[in-house]
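Each chain is listed here by its residues.
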Amino acid sequence: GQNIDQPTEMTATEGAIVQINCTYQTSGFNGLFWYQQHAGEAPTFLSYNVLDGLEEKGRFSSFLSRSKGYSYLLLKELQMKDSASYLCAVATGGGNKLTFGTGTQLKVEL
Amino acid sequence: DTGVSQDPRHKITKRGQNVTFRCDPISEHNRLYWYRQTLGQGPEFLTYFQNEAQLEKSRLLSDRFSAERPKGSFSTLEIQRTEQGDSAMYLCASSLATYRADYGYTFGSGTRLTVV
């Protein structure tokens, strides 16, 4: 079966750095996605990792270790608008369907 | 191209009624996916098409659910005899069928269904 775990909630301070962890056990692996989702809106693509290592894109970085079944999303210089749910998802199968975690609700405070 | 479009954005229906949702993918995308998301959960895969062929269906997709993509462009998702448990956000996504899973993978804004 497929299992993806991430913390339910996190709180951080504006301007700080936060790391959101994700562990996964899946049948097959075609890559790991991170999405941001504001309440009532569609998931928005943040990052994709298919090889081990760190991918950096502006204030956001994502890390993958395939041998450990582990990824994290690093958000730097937090802003109030970063308050949202962050979804970890693994692509599997010939069709690259995504299996999502439950999402981590991040609250950025002053 | 304005991305993945879904219609309607919101639908309220009485239990037992049938509903149909539409998804228009990004025009050059040959893969189209349907997901369902309930409050506080991540999206769950329902089914996907490559061109007009429906290649995979989740066990979540009961007999009351049917999806089509007749000409390999837009897709419809129909739910017959709706139940309160069908209340959710129905998300459509599209992508290119390439070796990279992320290639163009884009979600629409979703259709929020409320069954009363």
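How each quantity is defined
- Residues numbered from 1 in each chain as written.
- Chains lettered and ligands numbered in written order.
- Predicted model: local features only at pLDDT ≥ 70, side-chain atom pairs only at ≥ 80, totals over all residues.
- Heavy atoms only, no water.
- Pairing = 2+ DSSP bridges.
- Helix = DSSP H or I, 4+ residues; strand = E, 2+ residues; numbered from the N terminus.
- Axes fitted to C-alpha atoms, helices over the stretch in contact; angles between N-to-C directions.
- Polar contact = N/O pair within 3.5 Å; in protein donor to acceptor, adjacent residues only side chain to side chain.
- Contact = heavy atoms within 4.5 Å.
- Buried < 20%, exposed > 50% of the residue type's maximum accessible area, 1.4 Å probe, protein only.
- Salt bridge = Lys/Arg side-chain N within 4 Å of Asp/Glu carboxyl O.
- Nonpolar A, V, L, I, M, F, W, Y, C, P; charged D, E, K, R; others polar.

### With respect to the sheet that holds strand β6 (residues 53–57) of chain A
Residues and elements named next belong to chain A.
Piece 1. Taken together, 5 strands build an open sheet; the order of strands is β1-β3-β8-β7-β6 and the sheet is antiparallel. The open sheet has two free edges, formed respectively by β1 (3–5) and β6, since each of these has just one partner strand. For this sheet, the mean angle separating the axes of adjacent strands, direction not counted, is 15°.
Piece 2. Here β1 pairs with strand β3 (residues 18–25) via 3 bridges, running antiparallel. Among the inter-strand pairings, aspartate 5 is bridged to a residue of β3, identified as threonine 23.

### With respect to the side chain of Ser47(A)
All names here are of chain A.
Piece 1. Tracing the backbone through its elements, the reader meets serine 47 in strand β5 (residues 44–49).
Piece 2. A distance of 3.1 Å separates a polar atom in the side chain of serine 47 from a polar atom in the side chain of serine 62.
Piece 3. If sequence neighbours within four positions are ignored, serine 47 has contacts with Leu32, Phe33, Trp34, Ser62 and Leu73.

### Quick word on the sheet that holds strand β3 (residues 19–24) of chain B
Residue and element names in this part refer to chain B.
Piece 1. Sheet architecture is open: 4 strands sit in the order β1-β3-β8-β7, paired in antiparallel fashion. Strands with a single pairing partner mark the edges of an open sheet, and in this sheet they are β1 (5–7) and β7 (65–68). The mean inter-strand angle of the sheet, taken between neighbouring strand axes irrespective of direction, is 15°.
Piece 2. The sheet contact formed by β7 and strand β8 (residues 75–79) spans 4 bridges and is antiparallel. Considered in β8, the bridge of glutamate 68 is made with threonine 76.

### A short note on the environment of Asn49(A)
All names here are of chain A.
Piece 1. Mapped onto the elements, asparagine 49 comes out in strand β5.
Piece 2. Its relative accessible area of 1% is what places asparagine 49 among the buried residues.
Piece 3. Considering only alpha carbons, one finds asparagine 49 and glycine 31, 18 residues apart in sequence, at a separation of 5.6 Å.
Piece 4. In contact with asparagine 49, other than residues within four places in its own chain, are Phe29, Gly31, Leu32, Glu55, Ser62, Phe63 and Leu64.

### Some points on the interface of chain A and chain B
Accessible area lost upon the coming together of the parts is a frequently used measure of interface size.
Piece 1. Counting residues at the interface gives 19 residues for chain A and 23 residues for chain B.
Piece 2. Run the count over chain A and chain B and you get 1 salt bridge.
Piece 3. Put simply, Lys97(A) and Glu56(B) hold a salt bridge, and the shortest N to O gap is 2.7 Å.
Piece 4. The interface formed by chain A and chain B includes 7 residue pairs in polar contact (both at pLDDT 80 or more).
Piece 5. For the side of chain A that touches chain B, the secondary structure elements donating two or more residues are β4 (32–37), β5, β9 (84–92) and β10 (97–100) of chain A.
Piece 6. When the residues that make up the side of chain A that touches chain B are grouped by side-chain class, the tally is 10 nonpolar, 8 polar and 1 charged.

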